Amino acid sequence: MRVIPVSRSKQWFAWFAASWLVTTLLLWLVRFTVLGQSWTGVHAFRFCLIALVVSAVAALSGWLGARWLALSIQAGNLIGLLCMALVVSRDRTGWEDLASLLVYMELLALGLAVGLLLELLGFIMTKTGHKRP
C-alpha cells in the first residue's frame, strides 16, 4: 500500500481536502444537475457537511494508522456516489433523490464495515505471529 500515506503523515490532510472537495462536488452534481433540482443553499450546505464528515472519518482513521479502514471508507464512498448517480438516472418516479441517498449511505456503511473487518483481521494476524499485509 505504497500509495496510501503512512500514519501520522501530513499527506492525510491533503487526502482529507481532496476527498471533501470531490465528494461535495459529486453530491451537488447528482442533486442539482442529474436530478434537476433547483439550487438551494440549505441543501448544498447539508451535502457539504455530509462530505466533510465522511472525509474526516476516513482521513482521521488513516492518520491514526487504520489505513485499510480509510481505504475501504473511500472505496465505499466512491462506489456509493456512482450508484447514487446510476439510481437517479433511471425511472423518474419522484423517489429517486431519497432512494439514491439511501443507496449511498448503505454502500458507505458497507465500506466502513469491510474496513473494520480488515483491520480486525490484520490485528488478529499480528497477534498470532503472522506478517500483516
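Since this is a predicted model, take the numbers as computed values, not measurements. (Residues numbered from 1 in each chain as written. Predicted model: local features only at pLDDT ≥ 70, side-chain atom pairs only at ≥ 80, totals over all residues. Heavy atoms only, no water.)

Caption draft 1: Summary view of the nonpolar core. Of all hydrophobic cores here, the largest spans 13 residues; its most connected members are Leu27, Val54, Ile73, Leu81, Met84, Tyr104 and Leu108. Elements represented by at least two residues in this core include exactly α1 (11-34), α2 (41-63), α3 (67-88) and α4 (96-127). Excluding residues within four positions of it along the chain, Leu27 makes contact with Phe47, Ile50, Ala51, Leu81, Met84 and Tyr104. (Core = buried A, V, L, I, M, F, W, Y, C linked by side-chain atoms within 4.5 Å. Buried < 20%, exposed > 50% of the residue type's maximum accessible area, 1.4 Å probe, protein only. Helix = DSSP H or I, 4+ residues; strand = E, 2+ residues; numbered from the N terminus. Contact = heavy atoms within 4.5 Å.)

Caption draft 2: Region of the structure containing α1. With 24 residues, α1 extends 33 Å from end C-alpha to end C-alpha; this agrees with the ideal 34 Å at 1.5 Å per step. Taken together, the buried positions of α1 are occupied by Trp12, Ser19, Thr23, Thr24, Leu27, Val30, Arg31 and Phe32. (Expected span 1.5 Å × (residues − 1).)

Caption draft 3: Geometry of the packing of α1 against α2. For the pair α1 and α2, interaxial distance at closest approach is 8 Å and the crossing angle is 150°. Classified by the interaxial angle, the pair formed by α1 and α2 is roughly antiparallel. In the crossing of α1 with α2, the sense of the turn from one axis to the other is right-handed. In terms of residue class, the contact of α1 with α2 is made up of 16 nonpolar, 6 polar and 1 charged. (Axes fitted to C-alpha atoms, helices over the stretch in contact; angles between N-to-C directions. Parallel < 35°, antiparallel > 145°, perpendicular 65-115°, else oblique. Left-handed = near helix turned anticlockwise from the far one by under 90°. Nonpolar A, V, L, I, M, F, W, Y, C, P; charged D, E, K, R; others polar.)

Caption draft 4: Main features of the packing of aromatic side chains. Within the structure shown, the criterion is met by 4 aromatic pairs. Aromatic side chains Phe32 and Trp39 sit 4.6 Å apart centroid to centroid with 45° between the ring planes, which places their arrangement in the tilted category. Note on Phe32: relative accessible area 12%, which makes it buried. The exposed category is assigned to Trp39, whose relative accessible area is 52%. Taken together, the ring pairs connect Trp28, Phe32 and Trp39 into an aromatic cluster. Here Arg8 stacks its cationic end above the ring of Trp63, 4.6 Å away from the centre of that ring. (Phe/Tyr/Trp six-rings, centres within 6.5 Å; stacked < 30°, edge-to-face > 60°. Lys NZ or Arg CZ within 6 Å of the ring centre and 35° of its normal.)

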